[in-house]
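# Observations on chain architecture
The chain contents come next:
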Amino acid sequence: MVEMESPTQTAEHIESMTEFLVKNYSDQLREISLSSDPKLHYPLFIEYAELVDDNPSLAHLVFSNPEQCLRQFNDSAILAHKIALEHMKKFEKKIGIEKRFIHVRINTSGSPLERSPETFPSIGRIRVRHRGILLMLKGTVIRSGAVKMYEGERMYRCRKCKHMFPIFPELESINSIVKPPFCPSQRSKSCEGTNFDPVDDTVTRHDYQEIKIQENTQVLGVGVIPRSILVVLKDDLVDNVKAGDDVVVSGILTSKWSHDLKDVRCDLEPMLIANHVRRTNELKSEIDISDDMIEKFKNFWSHFRDTPLKGRNAILRGICPQVFGLFTVKLAVALTLIGGVQHVDASGTKVRGESHLLLIGDPGTGKSQFLKFAAKLSNRAVITTGLGSTSAGLTVTAVKDGGEWMLEAGALVLADGGLCCIDEFDSMREHDRATIHEAMEQQSISVAKAGLVTTLSTKTIVFGATNPKGQYDPDQSLSVNTALSGPLLSRFDIVLVLLDTKNPEWDVVVSSHILAEVQIEQDRDVDDLTIIWPLPMLQRYIQFVKKNFRPVLSKEAEEIISSYYRLQRRSSTHNAARTTVRMLESLIRLAQAHARLMFRNEVTRLDAITAILCIESSMTISAIVDSMGNALHSNFSEEPDQEYSKQEKIILEKLRGDDIY
């Protein structure tokens with residue numbers, strides 16, 4: 001139990017807090033003073049690290065007794081605001097508007113609190129000892145409630161001595177007002193009055209919203225169920241986050257009584273009253289990329305200036321190195337994760353930049369291995385299986401909590417800005433698969449459930465893996481072989497078929513690779529990027545090229561892509577589900593992704609031809625390259641640049657021969 005401060009101590013603390021605010025945050029105070037609406041609740045953001053440097057004893061007080069100190073800080077902010085008003089009037093000849101509600105929001109980022117597991121625990125490790133201190137929690141918003149209003153502090157007057165004092169509602173007991181047992185006046189002779197009357201027009205009303213955050217599944221151990229906690233947002237913090245956002249919340253841990261249900265024991269549920277909320281969606285790629293690493297990337301490409309495809313293959317070898325060969329699949333995974341450039345056309349319609357990939361293959365062809373590795377490469381990933389996924393679990397669920405309906409985010413919403421891997425895609429029910437159509441193309445999910453009508457963002461890459469329906473028949477179309485509908489197949493940029501054909505030579509090579517993998521791992525020099533790239537380097541490279549390169553199509557690349565699209569449209573008998581306008585957009589995205597992979601800002605002929613080769617691998621019957629072969633048996637070439645020259649010659653001759661290019 002925290003001891004009550006004497007009036008002298010309280011006055012000293014408020015004075016030192018006011019001094020700190022005036023000295024360090026005069027610009028924010030000036031902006032608040034010049035704002036026009038006096039009824040709004042204004043945030044005043046301060047850095048905890050600055051407070052530690054400026055006044056360590058005050059910083060410790062805020063940490064150890066935040067409930068009382070934050071109220072004092074809010075009072076100090078009002079005093080500092082009045083000082084700022086006087087200063088503006090006297091020296092700047094400007095008249096500001098006095099505000100009634102200013103809330104100090106303490107940003108703990110970069111402070112000692114962020115580095116201690118005691119003050120920054122995972123949600124699953126919250127215990128009673130964390131109650132009553134300034135706590136930081138990190139998680140993903142999975143549920144966002146409606147914004148409500150509740151009555152805050154109210155002034156009461158003692159009937160005996162007429163002393164006025166505020167009473168704050170207790171969130172633990174569902175915002176009920178609990179009056180003190182006797183008059184709290186701090187006079188020399190105590191009043192000991194027990195009857196109090198509310199003072200008219202002194203109620204402060206607050207906006208109020210409840211959200212639920214869940215710990216990130218990627219940082220949990222095997223078999224650990226992700227825990228969640230209720231977070232209360234008040235005043236200026238409401239409606240700042242939505243389902244699917246990654247957030248870091250600092251606040252005070254308290255608890256509230258669970259809802260009173262018949263035959264159910266009433267428990268205290270942990271709850272965090274937020275003081276500061278920081279969205280980390282923009283910081284999802286929180287992997288540091290140093291200048292030395294960028295220099296390494298540049299040196300790598302200058303080394304392969306004359307043989308760029310050899311350099312590209314060195315990068316691709318780092319993708320799922322435990323799987324032998326499968327060059328086509330590794331290229332497809334790299335291009336899908338890097339993606340193209342989103343653009344908005346003249347009518348304001350957004351054309352997505354994210355690519356989608358579907359692997360169709362026999363059992364034991366490494367599909368799930370690629371899914372797991374792609375999830376490691378992505379900064380944000382959600383892995384699910386088709387059998388355990390319903391339409392609500394993939395998109396959004398309407399849940400009832402305490403008599404009120406709320407939306408709870410599903411896999412695609414939680415993967416917003418990242419990657420959603422769906423294994424056993426064929427196990428999903430037909431109507432469940434239909435729900436992801438909008439999420440894949442329009443990159444949003446429209447919801448109309450239980451009176452809640454909204455649209456949620458799903459700017460995500462979908463990476464699916466499925467088994468063929470029975471024995472794969474090359475003479476039949478993809479729709480027949482996979483039992484997937486044409487509209488769904490057309491949304492995948494690349495569809496690769498991995499068939500386990502009986503090839504003794506291939507089996508010998510693969511078995512030798514698996515048996516020698518341990519020895520290779522021991523002998524491998526991780527610093528030699530010309531041979532293979534380690535996982536951390538690949539993560540940083542993909543993040544860097546996505547952020548810094550926005551490739552533009554050259555005139556020649558445009559003509560090649562357009563010519564190939566027209567040729568496919570003419571010969572689309574088996575591939576009717578794939579050869580839609582979406583295929584043209586896929587070609588552009590893949591060409592842009594390849595240009596990014598090659599560390600360039602221009603899409604050249606090389607990128608356009610590579611995009612065509614990827615699309616050709618997706619076709620049941622190829623329109624150009626007759627001997628594409630099985631994607632499972634595609635291996636890394638010793639001389640990729642020379643092999644590419646042959647493929648380029650075949651493609652251009654075919655396009656010219658048909659008078660298209």
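What you see is a predicted model; the values in this text were computed from it and never measured.

## Structural notes on the sheet that holds strand β6 (residues 164-167)
Sheets are built from strands that pair by backbone hydrogen bonding, the pairs being arranged parallel or antiparallel. Across the sheet, which stays open at both edges, the 3 strands sit in the order β6-β5-β7 with antiparallel pairing between neighbours. Looking at which strands have only one partner, the edges of the open sheet turn out to be β6 and β7 (196-198). Across the sheet, the mean angle from the axis of one strand to that of its neighbour is 40°, orientation sign disregarded. Pairing between strand β5 (residues 154-158) and β7: 3 bridges, direction antiparallel. Bridge pairing links C158 to F196 in β7.

## Some words on the sheet that holds strand β15 (residues 381-385)
One open sheet accounts for 5 strands, arranged β15-β18-β21-β14-β22; its pairing is parallel. A single partner strand is all that each edge strand has here, and the edge strands are β15 and β22 (494-498). Between one strand and the next, the sheet's axes are offset by a mean angle of 15°, whatever the strand orientation. Bridge count for strand β14 (residues 357-361) against strand β21 (residues 461-466) is 4 bridges, and the pairing is parallel. Residue L357 lies in a different strand from β21, and its bridge partner there is F463.

## Here we look at the pattern of salt bridges
What the rule picks out here adds up to 12 salt bridges. Two residues, E67 and R71, come together in a salt bridge whose shortest N-O distance is 3.8 Å. Residue E67 and its partner R71 are both found in helix α5 (residues 66-92); the two are separated by 4 residues, about one turn of the helix. One salt bridge connects R159 with D197, and the closest N-O pair in it is separated by 3.0 Å. Of this pair, R159 sits in the loop between β5 and β6 while D197 sits in strand β7, placing them 38 residues apart in sequence. Residue D197 is classed as partly exposed on the basis of its relative accessible area of 30%. Through salt bridges that share partners, R352, E441, D493, R582 and R589 make up one connected network.

## A short note on the confidence of the model for the chain
Confidence along the chain averages 78 in pLDDT terms, with 85% of residues attaining 70 or more. A low-confidence stretch, residues 522-526 (pLDDT under 50), is modelled with 3 contacts involving residues beyond four sequence positions or located in other chains. Low pLDDT, under 50, characterises residues 621-629; the stretch is placed with 21 contacts to residues that sit more than four places away or in other chains.

## Some points on the environment of L34
With respect to the secondary-structure elements, L34 resides in helix α2 (residues 26-34). When the C-alpha positions of L34 and M88 are compared, they lie 9.7 Å apart, and in sequence the two are 54 residues distant.

## As for the nonpolar core
Most often, soluble globular proteins have nonpolar side chains that are buried together. Ranked by size, the top nonpolar core spans 78 residues in total, and within it I319, V333, F370, F463 and Y541 carry the most contacts. Here the element with the most residues in this core is helix α8 (residues 327-338); it accounts for 9 residues. Once residues lying within four places of it in the same chain are set aside, the contact partners of F370 are C320, V323, L326, V329, K330, V333, L359 and F463. One finds L21, L44, C69 and I126 within the second-largest nonpolar core, a separate group that totals 51 residues.

Cut-offs applied
Residue positions are given per chain, counted from 1 along the sequence in the order it is written. Restriction of local features to residues with pLDDT of at least 70 applies here, the model being predicted, together with a cutoff of 80 or more for giving and counting side-chain atom pairs; totals for whole chains, interfaces and linings are based on all residues. As a rule here, side-chain values come from all non-hydrogen atoms in the structure, and water together with hydrogens is ignored. Only when DSSP finds a minimum of two bridges between them are two strands counted as paired. Counting from the N terminus, the helices are DSSP H or I runs at least four residues long and the strands are E runs at least two residues long. Working convention: axes come from line fits to C-alpha atoms, limited for helices to the stretch in contact. Angles between N-to-C directions cover 0 to 180 degrees. Whenever Lys or Arg places a side-chain nitrogen within 4 Å of a carboxyl oxygen from Asp or Glu, that contact is recorded as a salt bridge. Under the scheme applied here, a residue whose accessible area is under 20% of the maximum for its type counts as buried, over 50% as exposed, and between as partly exposed, the area being computed with a 1.4 Å probe on protein chains only. The pLDDT value expresses, per residue, how confident the predictor is, ranging between 0 and 100. Note on contacts: a residue pair is in contact if any heavy atoms of the two residues lie within 4.5 Å. Put simply, a nonpolar core is a bunch of buried Ala, Val, Leu, Ile, Met, Phe, Trp, Tyr and Cys residues held in one set by side-chain atoms that sit within 4.5 Å of each other.

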